[in-house]
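Secondary and tertiary structure notes
As a plain string of letters, each chain reads:
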Amino acid sequence: MNRHLLSAGDLSRDDALLIVHTAEELARISDRPIKKLPTLRGRTVVNLFFEDSTRTRLSFEVAAKRLSADVINFSTKGSSVSKGESLKDTALTLEAMGADAVVVRHSASGAPHRLAGWISGAIVNAGDGTHEHPTQALLDAFTMRRRLGRLEGLRVAIVGDILHSRVARSNVLLLDTLGAEVSVVAPPTLMPVGVGSWPCTVSFDLDAVLPKCDVVMMLRVQRERMAGAYFPSAREYSRRYGLDAPRMATLPDTAIVMHPGPMNRGMEIAAEVADSVRSTIVEQVANGVAVRMAVLYLLLGGDSS
Amino acid sequence: MSAWVFRGARVCGGPPTDLAFADGRVVAEAPVGAQVYDADGLIALPGLVDLHTHLREPGREDAETVETGTRAAALGGFTAVHAMANTDPVADTAGVVEQVWRLGQVAGHCDVHPVGAVTVGLGGQQLAELGAMADSAARVRVFSDDGHCVDDAVLMRRALEYVRAFDGVIAQHAQEPRLTEDAQMNEGVISAQLGLVGWPAAAEEAVIARDCLLAGHVGSRLHICHVSTVGSVDILRWAKARGIRVTAEVTPHHLLLTDELATSYDPVFKVNPPLRTAADVTALRDALADGTIDAVATDHAPHALEDKETEWAAAAFGMVGLETALSVVVAAMVDTGRLDWAGVADRMSLRPARIGRLSGQGRPLEPGAPAHVVLVDPAARRVVDPAAMASRSRNTPYAGRQLPAAVVATFLSGRPTVLDGKLT
């Protein structure tokens, strides 16, 4: 494994499978009455969150605590963009405190890469701007494998705001590494220029893709995107790219529906779909803890030689 | 010491000869008592002229001053620079341009020709007093809102027309603002991968096309700053073929570097217009070679360390370039067989001087010409060390990179500003 987890693209197939298998073992601990392991006792994990994200921060916090690490939460809204302390000064402060791992969420793409240049501890990217969110992709892969028993050859459609989605970028890279067949589906305005070079197929037609999916992953679409003329109205978006019950019925029987949250019910996903038996949305949250435990364990505890 | 003779200098790469100065001019024969300089193996070029330099004074003296920026210029072989108008206060009045011009005179490392702002405060709303700047002691002929595009078509048309009265030129920073809101880097494969907001080539090309049509319509002179795309080159070629009076510059970094460098997220590679693709680099080199692009201009843009040691999106745009420009042009153009030394002299001295209407610069090294000369060692190789630069800022994208050729000496009006590679 690399010293940091900055991009899902940095993970080899063996690395990714090691994380998934480790998470599988660690998940069993969550079923025990006493959920704690002594593995990271005496190690310090800093949750450095420059962007609001209660669910991801809690997930990392629980993961670190179950491994007995000391956890420091450092949350600040805004960043050096809004004239606070600079990212570098924050990094030097954490370095002086001896952080063994820094879990960072930041609104600027590449902020974890910059931190990795200033901090000697391990950096875990917990979502950077519109770049990547590798632990989300790992927990998504873990969830698919648990539900469907395999990853190799799985047909996965990622639907929604591909342009602005860090979840989409990490998932495309990781799922390709793991042998899945990925397609991204969105209106052309929400597809990045250059998407043709990604290891996936590109479609503008959700209805054509759904009958050939084992997994459909719906992404959050912010209504504010309308102001940027990415689509004419929330209703039109929902009609063309939202997953409602009639559309869900066109999926193969075994197919599952995923969403990284938080959801816009009625926008990209209908309430009855989100709450259906196909939906893995709550499992994804639970699996997030196991996967983040595995990442911290492998980066910090596993092998320090 | 008012007379020099350079023994064995190869003028613009020609055969070895003795190049002599006396009293600030090139002379046919060295006068008795002239200082002799062994120039065996060195290339002599007319002093380089930069159409696009940010000296940051007044306002950001922590990043650069006229003194430090012109020291960097002299080390890079320049004898004249055009100081861009985006200072604080903006160079939009006769007072500010005269101040910058005088600071240049006092520093004495190279001529400083202030560029005047096109609009008041670079605001894009109201024409600045272009005539007052033209008539000032600074004799401004190049006007630019560089950093901002003059995107209002009517204002651009009026500016183009107005400066004809004193043979001025509008140097456009071609960037359609709506298409580039929050833009961070070239829009393409790499921006899609990195999740950085893209700066599409079309945002540059659309403005260049519009302005060429406007310049053609009113018969004015137009200059395009830092051309960066294949499409821009095509439009310029078309406009020149139609007889439109347009000139263009390209920066050294756009001749050598590509957007793949952004994958490091190191903002030292963040610049506006952004680094483009390898195909763009090739087209720019070819266009500079065939004259579609007239000149190399550095867009030397010094920034304080804290403005670059940040997240990519928070960092300032720009790179320093004066001290590496000639070497980069040698790497991109001479070593690839696209330009000979006479071509380098043409694109880095003669043509930029003509565009800026600098009658005392960019003259062939013939008897009677002003003694502005740079001596270059074409065989030298050096590794770029930011700490060794004369510029007050260190934001060079070439740190640690080996570059060909080195400036050995620079003479301004027959007086050495750089000798044996060091400031005098």
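About the cut-offs
Residues numbered from 1 in each chain as written. Chains lettered and ligands numbered in written order. Predicted model: local features only at pLDDT ≥ 70, side-chain atom pairs only at ≥ 80, totals over all residues. Heavy atoms only, no water. Contact = heavy atoms within 4.5 Å. Buried area = accessible area lost by both parts, 1.4 Å probe. Salt bridge = Lys/Arg side-chain N within 4 Å of Asp/Glu carboxyl O. Polar contact = N/O pair within 3.5 Å; in protein donor to acceptor, adjacent residues only side chain to side chain. Helix = DSSP H or I, 4+ residues; strand = E, 2+ residues; numbered from the N terminus. Buried < 20%, exposed > 50% of the residue type's maximum accessible area, 1.4 Å probe, protein only.

As a further point, take the interface of chain A and chain B. Opposite the 21 residues of chain A that make contact, chain B presents 18 residues. Roughly 1500 Å² is buried in total at the junction of chain A and chain B, and carbon and sulfur atoms are behind 56% of that figure. On the chain A side of the interface with chain B, the three residues burying the most area are S109, R114 and V193 of chain A, jointly 35% of the side's total. Taken together, chain A and chain B are joined by two salt bridges. Of the charged contacts, one joins E309 of chain B and K88 of chain A as a salt bridge, the two residues approaching to 2.9 Å between their closest N and O atoms. Applying the counting rule to chain A against chain B returns eight residue pairs in polar contact (both at pLDDT 80 or more). Contributions of two or more residues to the side of chain A that touches chain B are made by helix 3 (87–97) and helix 4 (111–118) of chain A.

Applying the stated criterion across every chain, the model contains 33 salt bridges over all chains. In this structure, R57 of chain A and E61 of chain A form a salt bridge, with 3.0 Å as the shortest nitrogen-oxygen distance. Of this pair, R57 of chain A and E61 of chain A both sit in helix 2 (residues 54–66), separated by four residues, roughly a single helical turn. Across the pair, E61 of chain A and R57 of chain A agree in class, each one buried. Between K240 of chain B and D294 of chain B there is a salt bridge, with the nearest N and O atoms lying 2.7 Å from each other. Linking K240 of chain B in helix 7 (residues 230–241) with D294 of chain B in the loop between helix 9 (278–290) and strand 15 (295–296), this pair joins segments that are 54 residues apart in sequence. Judged by its relative accessible area of 26%, K240 of chain B is partly exposed. Relative accessible area serves as the criterion here: at 6%, D294 of chain B is assigned to the buried category. Through salt bridges with shared partners, one network takes in K240, D294, D346, R347 and R351 of chain B.

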